[in-house]
Each structure stands twice: as C-alpha cells, then as structure tokens.
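Each chain is listed here by its residues.
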Amino acid sequence: MRAITYSRYGGPEVLETTDLPTPKVGPDSVLVRVRAASVNPVDWKVREGYLDQVMDVAFPVVPGWDVAGVVERVGLDTPELRVGDEVYGYVRKDVVGGEVSGGTFAELVAAPVRTLARKPAAWSFEEAAAVPLAGLTAYQTIRRAGVAEGQTVLVHAAAGGVGSFAVQIAKALGARVIGTASERNHDFLRSLGAEPVTYGDGLADRVRALAPEGVDVVLDYVGGDALDSVPQVLRDGGTVASITDARARDELGGHYVWVRPDADDLAELARLGDEGLLRPEVAEVFDLADAADAHRASQTGHVRGKVVVRV
C-alpha cells in the first residue's frame with residue numbers, strides 16, 4: 001500500500017511516499033480503507049521531535065491520527081462494525097510509528113474499534129476527517145468542565161480548530177458562548193452563535209461588559225495571557241479547563257485535559273453532525289502525494305479550518 005512516512009525528525013521535507021505492507025488486523029481492530037485524513041498541530045510537533053520526551057516513537061513513522069474511510073476487514077471480535085461501514089475516528093496508539101503502529105496518511109490503517117464510530121451521513125469523508133482529534137478535544141473539555149444549559153461559557157481561540165467545535169457543542173447544550181478571536185474572525189464566530197471579543201489588553205473588561213457577574217466556565221485552547229485573565233472573568237464557583245497549560249488544574253482548581261480516543265464520544269459528535277448542530281470547516285484539501293505541502297499549510301497557522309489529505 002502507499003503511505004507517507006518519515007525516518008527522522010525534521011521539517012515537512014522529511015515526508016516521503018513509501019510502499020508498505022498491508023497492516024495486520026488485531027482481534028479488536030478493523031482494517032479501514034482510508035478516504036481522507038487531516039493534519040493537526042500535534043502531527044508536525046511529533047514530526048519535528050518536540051514530543052520525544054512524552055511519546056515513544058519508532059521509525060519509520062506514518063503520520064496522522066484523524067481518519068475517515070470504509071471498513072474493509074474486521075478482526076476476530078468486532079461486533080460494533082461490519083465490512084462496508086463508513087467510519088471516522090481518532091486512531092492514536094500507544095507507540096507512534098513502527099511496524100504495528102501505522103498512522104492514517106496511508107491507503108489502509110488498522111484501527112482499534114475503541115477509536116472509531118460510524119461516519120454521519122451529513123458529512124463528506126473530507127469533513128469527517130477534519131473532526132476527530134479537534135472535535136473530541138472540544139467535547140471532552142466541555143464534559144470535564146460540566147457545561148450545562150443556561151451557563152455562560154468563555155471560549156479562548158474560538159475560531160480555531162478546537163475552539164470552533166467547542167462553540168458549537170456548547171451552543172447545542174444550551175449555553176451562552178462568548179468567544180475570543182481576532183477581529184477578522186468575528187463574523188465567523190457570530191455565524192456559529194458566539195458573541196465575539198478581541199484578544200489583548202482589556203480582555204477581562206470586554207468580557208465583563210458582556211457578562212457583568214462573570215462567566216461560569218472558561219475553556220482555554222490557547223494558554224498564555226488568556227489563562228492569566230481567568231481570575232478576572234470567572235465567577236465564584238466557576239471552573240476552567242485547558243488543553244495548553246497545567247496551571248488551569250494546579251493553580252486555578254480546574255482541569256487540564258489531554259484528548260483520548262473514545263468511540264462513544266465520537267458517536268455523540270456524529271449525532272450532532274447529523275442533526276445539523278456541528279459543522280466541520282475544511283480549509284484546504286491535498287492529495288496524499290502532497291502531504292508535505294499539507295503539513296506546511298497547517299503549520300503556518302494562517303488557515304481557518306482543517307487541512308485535509310484525500311487518499
């Protein structure tokens with residue numbers, strides 16, 4: 001099968017098209033014919049070696065954790081899925097790379113059933129591939145923070161890949177959402193149902209102008225100054241959840257979240273998609289052979305929405 005691999009840490013230039021054997025399928029896994037995969041910031045951070053201290057990496061690495069495709073073969077005990085099912089998922093394994101831990105930038109990937117759910121009919125394969133990591137991150141921080149109907153939620157980096165999903169999920173739960181973003185993204189946030197505010201000096205005052213008693217929940221997807229403002233904007237008894245800074249847990253009494261594969265959570269995101277409550281945004285689509293260009297496009301940080309690779 002064709003796959004994108006890299007055999008050393010480095011920039012996008014280390015990515016190359018390779019011919020690899022078809023992956024073996026474990027008892028609780030299925031073989032997915034990949035139709036689309038997407039690029040996340042963690043993909044290029046792993047590729048450049050930034051996460052070497054926290055993740056076991058075995059070269060060669062097939063990058064990619066997000067996938068959308070069709071089940072081609074099932075394992076010995078996978079009653080959840082059948083051959084021909086259209087699925088999507090967050091196929092993160094315990095070891096990055098090596099012969100048994102292939103990523104999703106390939107024609108085929110062996111995926112544990114705990115990492116997959118059925119793809120909603122409302123999304124194309126490209127749209128579905130844009131969802132798993134970012135959508136799960138948003139959903140799991142929202143659930144950890146206990147977002148509920150009637151609450152006021154402040155989402156930092158609300159126009160980003162994770163933040164835009166968080167806005168939509170919180171709105172679907174019946175919350176009021178205030179979102180931080182640069183001014184050029186304010187209309188986009190309004191289209192998602194959020195009330196936009198700009199970053200920078202005076203942020204706490206701008207949030208308090210919209211929510212004089214403070215917000216019930218802060219969801220931090222950017223860190224830095226945004227987390228510094230939490231004591232000024234969070235009401236008494238409120239909570240904060242962050243994916244970027246452990247201070248949310250260690251100093252502010254909230255939550256520090258690292259996204260996990262979860263089939264039930266993926267199924268819930270799919271339900272929201274089929275009900276028209278969750279809309280993925282695809283910034284650009286590349287062919288598999290142009291994976292290096294896809295990584296470059298994502299790494300610039302100048303795109304709104306996900307960069308997707310079509311296989």
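To be clear, the structure that these remarks concern was listed above.
Report follows, based on the coordinates. Treat the numbers as computed from the prediction; the structure is a model and nothing was measured.

Re helix α4 (residues 161-172)
Part 1 of the reasoning: Helix length check: α4 (12 residues) gives 17 Å between terminal C-alpha atoms against 16 Å at 1.5 Å per residue, within 8%.
Part 2 of the reasoning: Burial within α4 is extensive, with nine of its 12 residues counted as buried.
Part 3 of the reasoning: All of the buried residues along α4 are Val162, Gly163, Ser164, Phe165, Ala166, Val167, Gln168, Ile169 and Ala170.
Part 4 of the reasoning: On its buried face, α4 is in contact with α3 (132-145), β10 (152-155), β11 (176-180), α5 (186-192), β13 (215-220) and α10 (263-274).

Comments concerning the sheet that holds strand β15 (residues 255-256)
Part 1 of the reasoning: Taken in spatial order, the six strands of this open sheet run β12-β11-β10-β13-β14-β15, and their pairing is parallel. Whereas interior strands pair on both sides, the edge strands pair on one side only; in this sheet they are β12 (195-197) and β15.
Part 2 of the reasoning: Strand direction decides the pairing type here: β10 and β11, joined by four bridges, are parallel. Looking at β11, one finds that Leu154 is bridged to Ile178.

Some remarks on the pairing of strand β3 (residues 29-39)
Across a regular strand the side chains alternate sides, sitting on one face of the sheet and then on the other.
Part 1 of the reasoning: Most of β3 sits out of view: nine of its 11 residues are buried.
Part 2 of the reasoning: Pairing of β3 with strand β8 (residues 108-112), which is carried by five bridges, proceeds in the antiparallel orientation. If you follow Leu31 over to β8, its bridge partner there is Ala110.
Part 3 of the reasoning: Bridging between β3 and strand β5 (residues 66-74) involves eight bridges; their strand directions are antiparallel. Bridge pairing links Val30 to Val74 in β5.
Part 4 of the reasoning: Here four bridges tie β3 to strand β17 (residues 306-310), and the two strands are oriented antiparallel to one another. Looking at the pairing, Ala37 lines up with Val309 of β17.

Let's talk about the packing of α3 against α10
Part 1 of the reasoning: Contact pair α3 / α10: the axes reach a minimum separation of 10 Å and the direction vectors enclose 100°. Between α3 and α10, the crossing angle belongs to the class labelled roughly perpendicular. For the pair α3 and α10, the contacting residues are Pro132, Gly135, Leu136, Tyr139, Gln140 and Arg143 in the first and Asp265, Leu266, Glu268 and Leu269 in the second.
Part 2 of the reasoning: A class-by-class count of the residues in the contact of α3 with α10 yields five nonpolar, two polar and three charged.

Remarks on empty space enclosed by the protein
Part 1 of the reasoning: Taken as a whole and judged by the stated rule, the model has two cavities of 30 Å³ or more.
Part 2 of the reasoning: Considering only enclosed or pocket space, the second largest cavity measures out at about 100 Å³ in volume.
Part 3 of the reasoning: Lining the second largest cavity are 14 residues, and of these Ser164, Phe188, Pro280, Glu281 and Gly305 lie nearest its centre.
Part 4 of the reasoning: Secondary structure elements with two or more residues in the lining of the second largest cavity: α4 and α5.
Part 5 of the reasoning: Per-element accounting of the lining of the second largest cavity gives the leading share, four residues, to α4.
Part 6 of the reasoning: Here the residues of the lining of the second largest cavity are counted per class, giving five nonpolar, five polar and four charged.

Observations regarding helix α11 (residues 291-299)
Part 1 of the reasoning: All buried positions along α11 are accounted for by Ala291, Ala292, Ala294, His295, Ala297 and Ser298.
Part 2 of the reasoning: Turning to α11, the residues buried within the fold contact β1 (2-5), β3, α1 (41-47), β16 (282-287) and β17.
Part 3 of the reasoning: Positive backbone phi, at 75°, marks Gly301, one or two positions downstream of α11.

Considering the nonpolar core
Part 1 of the reasoning: Ranked by size, the top nonpolar core spans 76 residues in total, and within it Tyr88, Phe105, Val155 and Leu219 carry the most contacts.
Part 2 of the reasoning: It is α3 that contributes the most residues to this core, seven residues altogether.
Part 3 of the reasoning: In this structure, Phe105 is in contact with Ala3, Ile4, Ala37, Ser38, Val39, Val62, Pro63, Gly64, Leu288, Ala291, His295 and Val309, ignoring residues within four places of it in sequence.
Part 4 of the reasoning: Listed in part, the 15 residues of the second largest apolar core include Ile178, Leu227, Val230 and Leu234.

Calculation criteria
- Residues numbered from 1 in each chain as written.
- Predicted model: local features only at pLDDT ≥ 70, side-chain atom pairs only at ≥ 80, totals over all residues.
- Heavy atoms only, no water.
- Helix = DSSP H or I, 4+ residues; strand = E, 2+ residues; numbered from the N terminus.
- Expected span 1.5 Å × (residues − 1).
- Buried < 20%, exposed > 50% of the residue type's maximum accessible area, 1.4 Å probe, protein only.
- Contact = heavy atoms within 4.5 Å.
- Pairing = 2+ DSSP bridges.
- Axes fitted to C-alpha atoms, helices over the stretch in contact; angles between N-to-C directions.
- Parallel < 35°, antiparallel > 145°, perpendicular 65-115°, else oblique.
- Nonpolar A, V, L, I, M, F, W, Y, C, P; charged D, E, K, R; others polar.
- 1 Å grid on protein atoms, 1.4 Å probe; cavity = no way out; pocket = protein on both sides within 12 Å on 5 of 7 lines; lining within 4 Å.
- Points joined across faces, edges and corners; volume = space filled by probe spheres on them.
- Core = buried A, V, L, I, M, F, W, Y, C linked by side-chain atoms within 4.5 Å.

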